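Below, each chain spelled out in residue letters.
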Amino acid sequence: MKPKLKLTYESELKIAFLLLLLFLVLINFGTLYLLKVTKASLSKEFDQKLTTVGNSVKTLFKELQPADETALRKALIELTFKSEVEQIDVLDFGLQYLNPRILFSTDLNDPAVIKKISEQISPSDWERLRKGTPVYSKLIKEKLVPGQNQETYYKYYFYPFNINNQNHFVIAALKNRAGNLAALEKLSKLEFFFGGLGIFLALIATFWIISATLKPYREIKHKASEAQLILGESSANEIDSVVKTFQKTIDELKHKEEILRELYQSTSEKAQNLSRLNDYILDSMSSGVIICDREGKISRLNQAAEEILDLKSASSINSHYKKILGQENPLAHLIDKTLAEEKVVKNLDLEVGRPNGEKVYLSASSSLIKDDQGQLVGEGLLFSDISDIKKLQEEINFKEKMAALGEMSAGLAHQLRNSMGSIIGFTNLLKKVLKDDSGNSEIIQHIVTESLVMEQLLAKFLNFTKPLDLALEMVNLKEIINESFHQTSEYTKRKDIFLATPAPEEANFVMADKLLVKQCFQNLFQNAFEAMPNGGKLQVSIDEEKDFLKVEVSDQGVGIPSEILDKIFNPFFTTKETGTGLGLSLVKKIVNLHQGKIKAQSQTGHGTKFIIHWPKEPGTQPAAVDSKEKVYYLNA
Ligand SMILES: Nc1ncnc2c1ncn2[C@@H]1O[C@H](COP(=O)(O)OP(=O)(O)OP(=O)(O)O)[C@@H](O)[C@H]1O
Ligand SMILES: [Mg+2]
């Protein structure tokens, strides 16, 4: 294959512009040539016309002798009109050319005609005329009408001929208008000047355009080579090389853009995942979280906060915290203070009202949210519901008070019991001394009886307050229930109450202190007997519930009025004349020691039901571990 001529981009551009310049020059020369040809043809026509006229003048002079002046004049004037020649003069120069004689002139008005004509003939022209060659004068500019500004160009045509005498050298000077020729000549000069100027300017413009057009290309090429991006190609293919280089750069940029897009996508996915994780963490927290910006607009409120404060998060977002929490809400005050003073608060106990009027106890901490520059952008509030802890705390406080009271009471009861023993001893002695005094012995017997009642009360009280150690063993609840019922029946000497136990045999075993369990049921049955003075059914059921045995003791007795139902487990609470009010307290204490639970349900006039959840096995940590607590734990 024939190798293809490879040109650089620069060379191609230069050649293109030079060709353009050449084209301009050719056009210019073409125009000049056209003008030249036109001028030549016009001159030729002009010449031919004047030659014809010259010949006519010559013929006339030959035919009509100059002597016949009138006829000659007439003929020549006719010729002037016919041939449209401006003026015809026939001059006789004799043998000298310096002093011509006018033989004839159609321009009678111009006396200086000879001088004017002579001036048009140069010595060289004269020589040529002498040799018989017609001669043209130069273009003469003259006023069309003397005294007026209108001007035109003329030209003389000198035509030499002889008439008769060889000593006469005659010239016919034909003056004719040459405006067209003058215009053409002027046009040629202008065309030459402006054409030349145009070519010169075009040359400058070409160089300027080439350098301006190549400037960015050269810069790109320079930068590319500076950045060592140009691929190893031949210089003839530089433009391809630059284009390829930039194509490569564009491809690389596209590739990098793709990587950036992927990076952005993965980053935004990560951000979304992080935000979802944040949401998940916030919503799975049991503590409430409220986040608001510097202006106090809530940006986040988690589920726990909604539940604790009984709010709706959807309507809270983007609202001001004061609008959502209320102006007087202590949490609002805390946010206020933190934002205003830029000081955080830790574990502050607050009592906060909910929209439904309930109160919750919160432990709240505030924190400041700052940007990278350390500027405050918002605040976070973390709070947990400590209502249960608060309640427990109150219960503990109450129990501590009761324990202290129990300690005091136990000490007092012990002293009273000792004194009571002395009183009974001395009273019995007095009874023996006053054996015969029947009047006083009855009084003494009353003292003894009342003292014994009091002594029993004190014994029971001391029994209640004494430490209880659990001696755990496998206990058949049903067996104990039966035994307790019979003992209560024996003790109260009542046969009008019967026991119904629908529970299955196999589900009755628990790890418990047998004696205490018996004591527990004896007290419950004693109360049931007392509540049913006219007899009735005492029903005990045992059911298994997970790790517990649920024991229900129901009687058909008088029932307990609802207003005292929550007091029956309090020590010393009794509605009975001879009651101590310690029976149910002891029952609750025993059940709690086994880590069980007891509650009562009752309907006045229909009966009472005690429900005990008795653990199959008490937990590892007994309810009371401390001996002091065991002794004085009155309201267990
Ligand atoms: N089964 C029951 N039916 C109706 N009232 C009951 C029943 N059991 C308890 N009560 C009420 O609860 C009160 C407290 O009972 P608790 O056994 O503690 O004391 P008490 O029976 O009054 O006195 P004590 O047990 O020392 O004889 C009773 O006075 C009684 O009013
Ligand atoms: Mg009782």
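Please refer to the structure higher up on the page.
The text that follows walks through the structure, step by step, so that each part is easy to find. Quick caveat: nothing in here was measured; it's all calculated off a predicted structure. (Residues numbered from 1 in each chain as written. Chains lettered and ligands numbered in written order. Predicted model: local features only at pLDDT ≥ 70, side-chain atom pairs only at ≥ 80, totals over all residues. Heavy atoms only, no water.)

## A word on the sheet that holds strand 7 (residues 288-293)
By way of backbone hydrogen bonds, the strands of a sheet pair with one another, either parallel or antiparallel.
Right, so step 1: Read from one edge to the other, the open sheet built from five strands follows the order 8-7-11-10-9, with strand pairing classed as antiparallel. The open sheet has two free edges, formed respectively by strand 8 (298-301) and strand 9 (348-353), since each of these has just one partner strand. Averaged over neighbouring strand pairs, the angle between their axes works out to 30 degrees when direction is ignored.
Right, so step 2: Contacting strand 7, strand 9, strand 10 (359-370) and strand 11 (376-385), helix 10 (residues 330-341) runs over the sheet at an angle of about 145 degrees to strand 11. (Pairing = 2+ DSSP bridges. Helix = DSSP H or I, 4+ residues; strand = E, 2+ residues; numbered from the N terminus. Axes fitted to C-alpha atoms, helices over the stretch in contact; angles between N-to-C directions. Contact = heavy atoms within 4.5 Å.)

## Quick word on the pairing of strand 8
Right, so step 1: Where strand 7 and strand 8 come together, three bridges link them in antiparallel fashion. Paired with Ile290 across the bridge in strand 8 is Leu301.

## Digging into the site of ligand 1
Right, so step 1: The immediate surroundings of ligand 1 are formed by 20 residues, with Asn527, Thr574, Thr575, Lys576 and Thr580 found nearest.
Right, so step 2: Note that an oxygen atom of ligand 1 is positioned 2.9 Å from one of the backbone N or O atoms of Leu584.
Right, so step 3: Coverage of ligand 1 by the protein amounts to 94% of the 580 Å² it exposes when considered alone.
Right, so step 4: Taken atom by atom, the bulk of ligand 1 overlaps the largest pocket.
Right, so step 5: If you list the elements that add at least two residues to the shell around ligand 1, you get helix 14 (514-531) and helix 16 (583-593).
Right, so step 6: For the shell around ligand 1, the leading source of residues is helix 14, giving four residues. (Near = heavy atom within 4 Å. Polar contact = N/O pair within 3.5 Å; in protein donor to acceptor, adjacent residues only side chain to side chain. Areas by Shrake-Rupley, 256 points an atom, 1.4 Å probe, with all protein chains shown as cover. 1 Å grid on protein atoms, 1.4 Å probe; cavity = no way out; pocket = protein on both sides within 12 Å on 5 of 7 lines; lining within 4 Å. Sits in = over half its atoms within 2 Å of the grid points.)

## Focus on the layout of surface pockets
Right, so step 1: When its volume is computed, the largest pocket comes out at roughly 1,300 Å³.
Right, so step 2: Along the walls of the largest pocket sit 38 residues, with Lys460, Gln526, Asn527, Glu530 and Lys576 positioned nearest its centre.
Right, so step 3: Counting residues per element, the ones that place at least two in the lining of the largest pocket are helix 12 (438-465), helix 13 (477-492), helix 14, helix 16 and strand 18 (607-615).
Right, so step 4: With eight residues, the top contributor of residues to the lining of the largest pocket is helix 14.
Right, so step 5: A class-by-class count of the residues in the lining of the largest pocket yields 16 nonpolar, 18 polar and four charged.
Right, so step 6: When we break the lining of the largest pocket down by domain, the ones giving at least three residues each are domain 4 (392-461) and domain 5 (467-632). (Points joined across faces, edges and corners; volume = space filled by probe spheres on them. Nonpolar A, V, L, I, M, F, W, Y, C, P; charged D, E, K, R; others polar. Domains from an automatic or database assignment.)

## Structural notes on the nonpolar core
Right, so step 1: Formed by 48 residues in total, the largest nonpolar core has its most connected members in Phe521, Phe525, Leu538, Val551, Val553, Phe610 and Trp614.
Right, so step 2: For this core, the element with the highest residue contribution is helix 14, accounting for eight residues.
Right, so step 3: In this structure Val553 touches Phe521, Leu524, Phe525, Leu538, Gln539, Val540, Thr608, Lys609 and Phe610, once residues within four positions along its chain are discounted.
Right, so step 4: If you look at the next biggest cluster of nonpolar residues, it comprises 25 residues, including Leu301, Ile308, Val352 and Phe383. (Core = buried A, V, L, I, M, F, W, Y, C linked by side-chain atoms within 4.5 Å. Buried < 20%, exposed > 50% of the residue type's maximum accessible area, 1.4 Å probe, protein only.)

## Brief notes about helix 16
Right, so step 1: Taken across its eleven residues, helix 16 has ten buried, putting it largely inside the fold.
Right, so step 2: Gln595 lies just past helix 16 and shows a positive phi near 65 degrees.

## Comments concerning the sheet that holds strand 13 (residues 497-500)
Right, so step 1: What the five strands build is an open sheet, ordered 13-15-16-18-17; its pairing is mixed. Single-partner strands in this sheet number two, and they are strand 13 and strand 17 (597-603). Here the average twist between neighbouring strands, direction ignored, is 15 degrees.
Right, so step 2: Relative to strand 15 (residues 536-545), strand 13 is paired through four bridges, and the arrangement is parallel. Across the sheet, residue Phe498 finds its bridge partner in strand 15, namely Lys537.

## Remarks on the environment of Leu362
Right, so step 1: Secondary-structure assignment places Leu362 in strand 10.
Right, so step 2: Note: C-alpha distance between Leu362 and Ser287 (75 residues apart in sequence) is 9.7 Å.
Right, so step 3: When near neighbours in sequence (up to four residues on either side) are disregarded, Leu362 contacts Ile308, Leu309, Leu331, Leu348, Asp349, Leu350, Val352, Phe383, Ser384, Asp385 and Ile386.

## Brief notes about a nonpolar patch on the surface
Right, so step 1: Together, Leu190, Phe193, Phe194, Leu197, Phe200, Leu201 and Ile204 make up an exposed nonpolar region whose accessible area comes to about 690 Å².
Right, so step 2: Secondary-structure assignment places Phe200 in helix 5 (residues 179-226).
Right, so step 3: Relative accessible area serves as the criterion here: at 47%, Phe200 is assigned to the partly exposed category. (Patch = residues over 30% accessible without salt bridge, like charges linked within 9 Å, V, L, I, M, F, W, Y side chains within 5 Å. Salt bridge = Lys/Arg side-chain N within 4 Å of Asp/Glu carboxyl O.)

## A word on the packing of aromatic side chains
Right, so step 1: Evaluated as defined, the whole model comprises ten aromatic pairs.
Right, so step 2: Seen in terms of ring centroids, Tyr156 and Phe158 are 5.9 Å apart; in terms of plane orientation they differ by 10 degrees. Their pairing is stacked. Phe158 shares its class with Tyr156; the two are buried.
Right, so step 3: Judged by centre distance (6.0 Å) and plane angle (40 degrees), the rings of Phe521 and Phe525 are tilted. Residue Phe521 and its partner Phe525 are located together in helix 14, separated by four residues, close to a single helical turn.
Right, so step 4: Taken together, the aromatic side chains of Phe485, Phe521, Phe525, Phe529 and Trp614 make up a single cluster linked through ring pairs. (Phe/Tyr/Trp six-rings, centres within 6.5 Å; stacked < 30°, edge-to-face > 60°.)

## Here's the deal with the pattern of salt bridges
Right, so step 1: This model, assessed by the stated rule, comprises 20 salt bridges.
Right, so step 2: Between Glu151 and Lys141 there is a salt bridge, and its shortest N-O distance comes to 4.0 Å. Taken together, the positions of Glu151 in strand 5 (residues 151-163) and Lys141 in strand 4 (residues 140-143) put the pair ten residues apart, joining distant regions of the chain.
Right, so step 3: Note on Lys141: relative accessible area 48%, which makes it partly exposed.
Right, so step 4: Each of Glu545, Lys550, Glu552 and Lys609 takes part in salt bridges that share partners, so that together they form one network.

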